[in-house]
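Working through the structure, step by step
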Amino acid sequence: MEKSNGLRVILFPFPLQGCINPMIQLAKILHSRGFSITVIHTRFNAPKASNHPLFTFLEIPDGLSETEKITNNTKLLITLLNRNCESPFRDCLTKLLQPLDSETGDEKQRISCLIDDSGWMFTDPLAQSLKLPRLVLNTYQVSFFRNHFVLPQLRREMYLPLQDSEQEDIVKEFWPLRKKDISRILDVETELLDPFLEKVLKMTKASSGLIFMSCEELDQVSLSQAREDFEIPIFAIGPYHSHFPASSSSLSTPDETCIPWLDKQEDKSVIYVSLGSIVTISESELMEIAWGLSNSDQPFLLVVRVGSVRGTEWIETIPEEIMERLNEKGKIVKWAPQQDVLKHRAIGGFLTHNGWSSTVESVCEAVPMICLPFRWDQWLNARFVSDVWMVGIHLEGRVERNEIEVVIRRLMLETEGEAIRERIQLLKEKVGRSFEQNGSANQSLQNLIDHISSL
Ligand SMILES: Cc1cn([C@H]2C[C@H](O)[C@@H](COP(=O)(O)OP(=O)(O)O[C@H]3O[C@H](CO)[C@@H](O)[C@H](O)[C@H]3O)O2)c(=O)[nH]c1=O
Ligand SMILES: C[C@@H](CO)CCNc1ncnc2nc[nH]c12
């Protein structure tokens, strides 16, 4: 670690697992380059301060009721958090910016900027009024962030429901999405976000910089387009997953028995299944996945988060005799040490919802994917995996036991799977080179450090 450069950065993650991990990774990266770190966070989904003894954590109240905390409606959660957190955040930030320590009277370290999530919608005017530069961290694939501002317009213009003949058409405003993907993204829930998008776009353009956990190797076209659209410095510092693992910011405790279980399996034989931290499924979808896995006859490691199967606590609705069958070949856990799992020699495939972190973690470990996206940017990540990089097979929403069984066999046992495995190995190597001395992610990170230091 480099010694302190005398500068402090304030980070304000959005309290969803998929947003906390990248922000904490960014904190670790900046800290390794000499910055002091203060993390302001909500009480809801608070990161574990004890895992990061070198950072300062400040908690603000978020006003969420117990029922709001467990809502499945992420958009509603986003709306509520943005409404409730504005004033506590303002108080916290204002106090931090006072030049003298209120207790000791000592002069405080200079604060160079605020870096917060693109999902916060009140931070830009606040930072401006306090004359504090603000940078935005976005945790999607660059393509999704750049293009998702067109969603309200597509909602107005697209004639839903779609004709069968146009389902597969590529949407030119939102390559490589197909019309059927757009119709899935444009559900009633996302309509709630339409009014916010213009605001997010405007506030991003007004910011001092935009940071992505992606790199030229993964999304070059959108990156250059974004540089034109936003006219602010853009930093694509790469998926830093192998360098600064996200496990320390896990909101749940990983079941470490996964690893000794994997040790007993053959090389590249196990299919790992996880749908991330937000997606919920129905009981019948769980059964289809379980049967599909069991019928494929491949060993499997399945994550079922507590509360993720609607209408039940965990997996108690799976009948006893089926559980016995599942236990012969597989293991079901509530939360996995995902990065260690993906790294394990026994893993041969990842059936994923294609959250951005899961997608890049899989790429970084060269694990081919089966794509089962459910919401928002997952549809785009899945298209990149299946259609652009060609490192996985898309289930096209078919949560059916036969489909799942067949796809697992195609990926794990057939020549189609071998070709996919070769391609993802090449993609992994390409992304890896991005972190070398002259690599794009490495240079972008250096630019970010210089930029923050000059603010
Ligand atoms: C279920 C499970 C998850 N994880 C870790 C792996 C990933 O680093 C992280 C999950 O992040 P993601 O894969 O991005 O997925 P998720 O939590 O759904 O993320 C949300 O936020 C992401 C970033 O904005 C979006 O790309 C997703 O669409 C959105 O759903 O949690 C584990 O380590 N163990 C687990 O068992
Ligand atoms: C108003 C939008 C603009 O990009 C941010 C909300 N952020 C999000 N909205 C929906 N799902 C998400 N999963 C992770 N973050 C998410």
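For the protein, the name recorded in an unreviewed UniProt entry is UDP-glycosyltransferase 76C5-like, with Camelina sativa as its organism. Its UniProt record gives the protein a comment under Sequence similarities (unreviewed entry), which states: "Belongs to the UDP-glycosyltransferase family."

Thoughts on the overall build of the protein
Secondary structure summary: the protein contains 19 helices and 13 strands in total. In terms of overall dimensions, the protein is globule-like: its C-alpha atoms have a radius of gyration of 22 Å, near the 23 Å expected for 455 residues. For the protein, the spread of C-alpha atoms along the principal axes amounts to about 70 × 50 × 50 Å. The buried share of the protein, taken over its 455 residues, is 59%. The protein carries 48 positive and 63 negative side-chain charges, and their two centres are separated by 3 Å.

Things to note about the pairing of strand S5 (residues 134–138)
Extensive coverage of S5 is indicated by the burial of 5 of its 5 residues. Because side chains alternate across S5, one face comprises the buried residues Arg134, Val136 and Asn138, and the other comprises Leu135 and Leu137, equally buried. Handedness of the β-α-β unit built from strand S4 (residues 110–117), helix H4 (residues 123–129) and S5 comes out right-handed. Sheet topology places S5 next to strand S6 (residues 210–212); 3 bridges connect them, and they run parallel.

What to know about the pattern of salt bridges
A complete count under the given rule lists 23 salt bridges for this structure. Taking the shortest distance from any N to any O, the salt bridge between glutamate 173 and lysine 172 comes out at 3.6 Å. Connected through salt bridges with shared partners, the residues Glu168, Arg178, Lys180, Asp181, Arg184, Arg383, Asp387 and Glu396 form a single ionic network.

Structural notes on the nonpolar core
Ile115, Phe174 and Ile237 are the most contacted members of the largest nonpolar core, which has 118 residues in total. With near-sequence residues (within four places) excluded, phenylalanine 174 lies in contact with Ser143, Phe144, Asn147, His148, Val150, Leu151, Leu154, Ile182 and Leu380. Counting residues in hydrophobic clusters, the runner-up holds 34 residues, among them Ile289, Leu293, Val309 and Ile315.

Quick notes on helix H1 (residues 17–32)
An ideal rise of 1.5 Å per residue puts 22 Å on 16 residues; H1 measures up with 22 Å between its terminal C-alpha atoms. Burial within H1 is extensive, with 14 of its 16 residues counted as buried. Once H1 finishes, glycine 34 follows within two positions and takes phi at roughly 100 degrees, a positive value.

Observations concerning the site of ligand 2
The immediate surroundings of ligand 2 are formed by Leu16, Cys19, Lys75, Ile78, Gly119, Met121, Tyr140, His148, Leu193, Leu197, Arg375 and Trp376. Between ligand 2 and the protein, one listed contact pairs an oxygen atom with a side-chain N or O atom of histidine 148 at 2.8 Å. In this structure, arginine 375 approaches ligand 2 through a side-chain N or O atom, which is 2.9 Å from a nitrogen atom. Isolated, ligand 2 exposes 400 Å² of accessible area, and the fraction of that covered by the protein chains is 94%. Here the shell around ligand 2 is built from residues that sort into 8 nonpolar, 2 polar and 2 charged.

Details of the sheet that holds strand S1 (residues 7–12)
Read from one edge of the open sheet, 7 strands run S3-S2-S1-S4-S5-S6-S7, paired in parallel fashion. Strands at the two margins of the open sheet, each flanked by one partner only, are strand S3 (56–60) and strand S7 (234–236). Strand-to-strand twist of the sheet, defined as the mean angle between neighbouring strand axes without regard to direction, takes the value 20 degrees. The strands touched by helix H3 (residues 74–97) are S1, strand S2 (36–42), S3 and S4; relative to S2, the strand with the most contacts, the crossing angle is about 150 degrees.

Criteria and thresholds
- Residues numbered from 1 in each chain as written.
- Chains lettered and ligands numbered in written order.
- Predicted model: local features only at pLDDT ≥ 70, side-chain atom pairs only at ≥ 80, totals over all residues.
- Heavy atoms only, no water.
- UniProt positions renumbered as here; feature names shortened; annotations may be inferred.
- Helix = DSSP H or I, 4+ residues; strand = E, 2+ residues; numbered from the N terminus.
- Rg over C-alpha atoms; globule rule 2.2 N^0.38 Å.
- Buried < 20%, exposed > 50% of the residue type's maximum accessible area, 1.4 Å probe, protein only.
- Lys, Arg positive; Asp, Glu negative; His and termini not counted.
- Charge placed at Lys NZ, Arg CZ, Asp CG, Glu CD.
- Right-handed = clockwise from strand over helix to strand, strands pointing away.
- Pairing = 2+ DSSP bridges.
- Salt bridge = Lys/Arg side-chain N within 4 Å of Asp/Glu carboxyl O.
- Core = buried A, V, L, I, M, F, W, Y, C linked by side-chain atoms within 4.5 Å.
- Contact = heavy atoms within 4.5 Å.
- Expected span 1.5 Å × (residues − 1).
- Near = heavy atom within 4 Å.
- Polar contact = N/O pair within 3.5 Å; in protein donor to acceptor, adjacent residues only side chain to side chain.
- Areas by Shrake-Rupley, 256 points an atom, 1.4 Å probe, with all protein chains shown as cover.
- Nonpolar A, V, L, I, M, F, W, Y, C, P; charged D, E, K, R; others polar.
- Axes fitted to C-alpha atoms, helices over the stretch in contact; angles between N-to-C directions.

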